[in-house]
Amino acid sequence: FAPIALAGSSPQERTFIMIKPDGVHRGLVADIIKRFEAKGYKLVGIKVLVPSKDLAGKHYAEHEGKPFYPGLVNFLSSGAVVAMVWEGKEVIKTGRTFIGATNPLASAPGTIRGDYGIDVGRNIIHGSDSVDSAQKEIALWFKPAELAEYELISKKWVYE
Ligand code: GDP
Ligand code: MG
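Predicted model, so just to flag it, every value in this text is computed and none were measured. (Residues numbered from 1 in each chain as written. Chains lettered and ligands numbered in written order. Predicted model: local features only at pLDDT ≥ 70, side-chain atom pairs only at ≥ 80, totals over all residues. Heavy atoms only, no water.)

A. Spatial organisation of the site of ligand 1. Near ligand 1, the surroundings consist of Lys 20, Tyr 60, His 63, Phe 68, Leu 72, Arg 96, Thr 102, Arg 113, Val 120 and Asn 123. A distance of 2.8 Å separates an oxygen atom of ligand 1 from a polar side-chain atom of Asn 123. In isolation ligand 1 has 540 Å² of accessible area, and contact with the protein removes 74% of it. When the residues that make up the shell around ligand 1 are grouped by side-chain class, the tally is four nonpolar, three polar and three charged. (Near = heavy atom within 4 Å. Polar contact = N/O pair within 3.5 Å; in protein donor to acceptor, adjacent residues only side chain to side chain. Areas by Shrake-Rupley, 256 points an atom, 1.4 Å probe, with all protein chains shown as cover. Nonpolar A, V, L, I, M, F, W, Y, C, P; charged D, E, K, R; others polar.)

Following this line, the structure appears as structure tokens:
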């Protein structure tokens, strides 16, 4: 994904955000979407799926070999997830800020994990941590045709 030039503003980024099976079962989908939407970010891709173990394993490939890896892959493929691509200025960093720390007990109140989670293996949501991982994760989870190219009518009210 090449950054989109936006007149008078920084280049736009895209990030991969995924509500994990615990977030879906706990009814947090709308709350999570609301936070990104209300901030002013643009939803360009969304789908519900039960990931295969192969897909879950590839998504968490950087953790292969760690003791929690098998359980993590099993958990992610144990139920439905909501996979999304959000676009906007600094959305990768802001998404991580919204999400909070990996351990929900160490996440500040107001963050998604801080508000709703307790155990690290049930921390509700994933978000890309860099431009590089965002590009890889978006390509892993979405076909190009599944990402909508459009301009939000609110853009001029969000960006100066
Ligand atoms: P994230 O980027 O904040 O999601 O965290 P990491 O990339 O470090 O880890 C990926 C996911 O693996 C986390 O979101 C947790 O669900 C899980 N995880 C990480 N560390 C641990 C751990 O020590 N124990 C368990 N059970 N799960 C972990
Ligand atoms: Mg991570």
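B. Fine view of the pairing of strand β1 (residues 13–19). For β1, the tally of buried residues reaches six of seven residues, placing the bulk of the element in the interior. With seven bridges connecting them, β1 and strand β3 (residues 81–88) associate as antiparallel partners. Paired with Ile 19 across the strands is Val 82, a residue of β3. Sheet topology note: the β1/strand β4 (residues 125–127) ladder contains three bridges and is antiparallel. When the sheet's bridge partners are listed, Ile 17 is paired in β4 with Gly 127. (Buried < 20%, exposed > 50% of the residue type's maximum accessible area, 1.4 Å probe, protein only. Helix = DSSP H or I, 4+ residues; strand = E, 2+ residues; numbered from the N terminus. Pairing = 2+ DSSP bridges.)

C. Spatial organisation of the sheet that holds strand β2 (residues 42–49). An order of β2-β3-β1-β4 is seen for the four strands of this open sheet, with the pairing classed as antiparallel. On the outer flanks of this sheet lie β2 and β4, each paired with one strand and no other. For this sheet, the mean inter-axis angle between neighbouring strands, taken without regard to orientation, is 15 degrees. Sitting on the sheet, helix α7 (residues 131–141) touches β1, β2, β3 and β4, and the angle it makes with β1 is about 60 degrees. (Axes fitted to C-alpha atoms, helices over the stretch in contact; angles between N-to-C directions. Contact = heavy atoms within 4.5 Å.)

D. The arrangement of helix α4 (residues 69–76) in detail. The complete set of buried residues in α4 reads Tyr 69, Leu 72, Val 73, Phe 75 and Leu 76. Angularly, the buried residues of α4 cover 165 degrees about the axis, an arc narrow enough to put them on a single face. At its buried positions, α4 is contacted by β1, α1 (21–25), α3 (53–59), β3 and α7. (Arc of directions from axis to C-beta.)

E. Summary view of unusual backbone geometry. The phi dihedral of Glu 90 is positive, around 55 degrees, even though this residue is not glycine. Positionally, Glu 90 belongs in the loop between β3 and α5 (91–99). In this structure, Ile 124 is a non-glycine residue whose phi angle is positive, near 75 degrees.

F. Quick peek at the pattern of salt bridges. All chains considered together, the criterion is met by 10 salt bridges. In this structure, Glu 87 and Arg 14 form a salt bridge, with 2.7 Å as the shortest nitrogen-oxygen distance. Of this pair, Glu 87 sits in strand β3 while Arg 14 sits in strand β1, and the two are 73 residues apart along the sequence. Judged by its relative accessible area of 4%, Glu 87 falls in the buried class. Look at Arg 14 and you get buried, because its relative accessible area is 7%. (Salt bridge = Lys/Arg side-chain N within 4 Å of Asp/Glu carboxyl O.)

G. Broad picture of the side chain of Glu 137. Inspection of the secondary structure assignment puts Glu 137 in helix α7. At 7.4 Å, Arg 96 is the nearest oppositely charged side chain to Glu 137, a buried residue that forms no salt bridge. Of note is the side chain of Glu 137, whose polar atom sits 2.9 Å from the side chain of His 126. Polar side-chain contacts of Glu 137 include one of 2.6 Å to the side chain of Ser 128. (Lys, Arg positive; Asp, Glu negative; His and termini not counted.)

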